[in-house]
2 protein chains.
Amino acid sequence: MMVSLAEIRSEHGQVFTENCPTRTVLDHVMSKWGVLILLALSEGTTRWGQLRRGVDGISEKMLASTLRTLEADGFVARTAYPEVPPRVEYALTDRGQELVEKMLPLMGWIAENANEIVAR
Amino acid sequence: MMVSLAEIRSEHGQVFTENCPTRTVLDHVMSKWGVLILLALSEGTTRWGQLRRGVDGISEKMLASTLRTLEADGFVARTAYPEVPPRVEYALTDRGQELVEKMLPLMGWIAENANEIVAR
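(A) The overall build of chain A, seen in detail. Along the backbone of chain A there are 6 helices and 3 strands. For the C-alpha atoms alone, the extent of chain A along its principal axes is close to 55 × 35 × 25 Å. Residues classed as buried in chain A amount to 38% of the 120 residues present. Of the contacts formed within chain A by residues at least 6 apart in sequence, a portion of 45% connects residues at least 24 apart.

(B) Focus on the packing of helix 3 (residues 32-41) of chain B against helix 6 (residues 94-119) of chain B. All names here are of chain B. Where helix 3 contacts helix 6, the two axes come as close as 10 Å, and the packing angle between them is 110°. As judged from the angle between their axes, helix 3 and helix 6 are roughly perpendicular. Residues Val35, Leu38, Leu39 and Leu41 of helix 3 form the contact with helix 6, whose own contacting residues are Gly96, Leu99, Val100, Met103 and Met107. Partitioning the contact of helix 3 with helix 6 into residue classes produces 8 nonpolar, 1 polar and no charged.

(C) Focus on the sheet that holds strand 1 (residues 46-47) of chain A. Residues and elements named next belong to chain A. Pairing within the open sheet is antiparallel, and its 3 strands lie in the order 1-3-2. The open sheet has two free edges, formed respectively by strand 1 and strand 2 (76-81), since each of these has just one partner strand. Looking at chain direction, strand 1 and strand 3 (residues 87-92) are connected through 2 bridges and run antiparallel. Counterpart to arginine 47 in the pairing with strand 3 is glutamate 89.

(D) The environment of B:Glu101, seen in detail. As for its placement among the helices and strands, B:Glu101 is situated in helix 6. C-alpha separation for the pair B:Glu101 and B:Ser42, spaced 59 residues apart in sequence, amounts to 8.8 Å.

(E) Representation of the relation of the copies chain A and chain B. The transformation that overlays chain A on chain B combines an axial shift of 0.0 Å with a rotation of 180°, and the residual RMSD is 0.0 Å. Put plainly, the chains are arranged around a two-fold axis. A share of 98% of interface residues in chain A that are also interface residues in chain B marks the association as one of identical surfaces.

(F) Seen up close, the confidence of the model for chain A. Overall, the prediction assigns chain A a mean pLDDT of 91, with 98% of residues at 70 or greater. The ipTM assigned to the predicted complex is 0.89, against a pTM of 0.90.

Thresholds, definitions, all that
Residues numbered from 1 in each chain as written. Chains lettered and ligands numbered in written order. Predicted model: local features only at pLDDT ≥ 70, side-chain atom pairs only at ≥ 80, totals over all residues. Helix = DSSP H or I, 4+ residues; strand = E, 2+ residues; numbered from the N terminus. Buried ≥ 20, exposed ≤ 12 C-beta atoms within 10 Å, placed from the backbone. Contact = placed C-beta atoms within 7 Å. Axes fitted to C-alpha atoms, helices over the stretch in contact; angles between N-to-C directions. Parallel < 35°, antiparallel > 145°, perpendicular 65-115°, else oblique. Nonpolar A, V, L, I, M, F, W, Y, C, P; charged D, E, K, R; others polar. Pairing = 2+ DSSP bridges. Least-squares fit on C-alpha atoms with pLDDT ≥ 70 in both. pLDDT = per-residue confidence, 0-100.

Next comes the structure, spelled out in C-alpha cells:
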C-alpha cells in the first residue's frame, strides 16, 4: 500500500511541525546508532556485550545513552538478573518490534543501493 | 512482505558494518532534517523558500548543507533557472522517490504513535 504525506496529514493533521511529538521521536530513532541498535535487537534478546560487538564501531557511551533513550520511549526493555557477575539483557518491546518492522524494508533498500549511491 | 535482518544479510552479506557504504547512507538520510526535507519534496518540485517554510524550524545553513548531501547522493535534483531574481527548484530524483516510498510507512507509523511515545 502506497502512503503519501498528504494521507498522513489527512489522518493526523499538521504533523512533523516544530513542536509536534513526531519531532522528538524522529530525533530519537532516526539516527544511525538508533537504527543500528534496533536492527541488532530485531534478532532477539541480546546482552550488553553482544550489542557492543554487534553494532560495529559504537562506543560504550553512545551505546549506553542510545539504549537509555530507546528504553525511555518504550521501544526497548532492559532486564537485569541478580547474578554474579550481573547479567543485563535487552529486548524489543511490542512497540519496538512494530517500529523495526516499518524500518526493515527501508534498511533492505539501503543495503541494496548503498554501493551505487556512495560510488557516485 | 516481512523482511528480516537475516534475510537482508543473506542477500547482501555483512552489511551495516563499520566500513560498509550502508553506514554512509544511514548517516546521510537517517537524520531528522534529512527525513523532513525528503518528506517535503515528496509533494513535488519545490523552491528554496517553500522548503525553508515547509520544513518548520530548519536553519538556512542546515537546509543548504542537507540539500547538498542529498544532491551528492543522487536523491535530489537541483535546477537553477537563469532568471532575475534567480529561481532554484529542488525535486526528488527517481532514486529519491524510491527512498521516500520506503520511508513513508515508517513516517505514518511515527505520526500515529508519537503522542503515546512522548507521553510516557
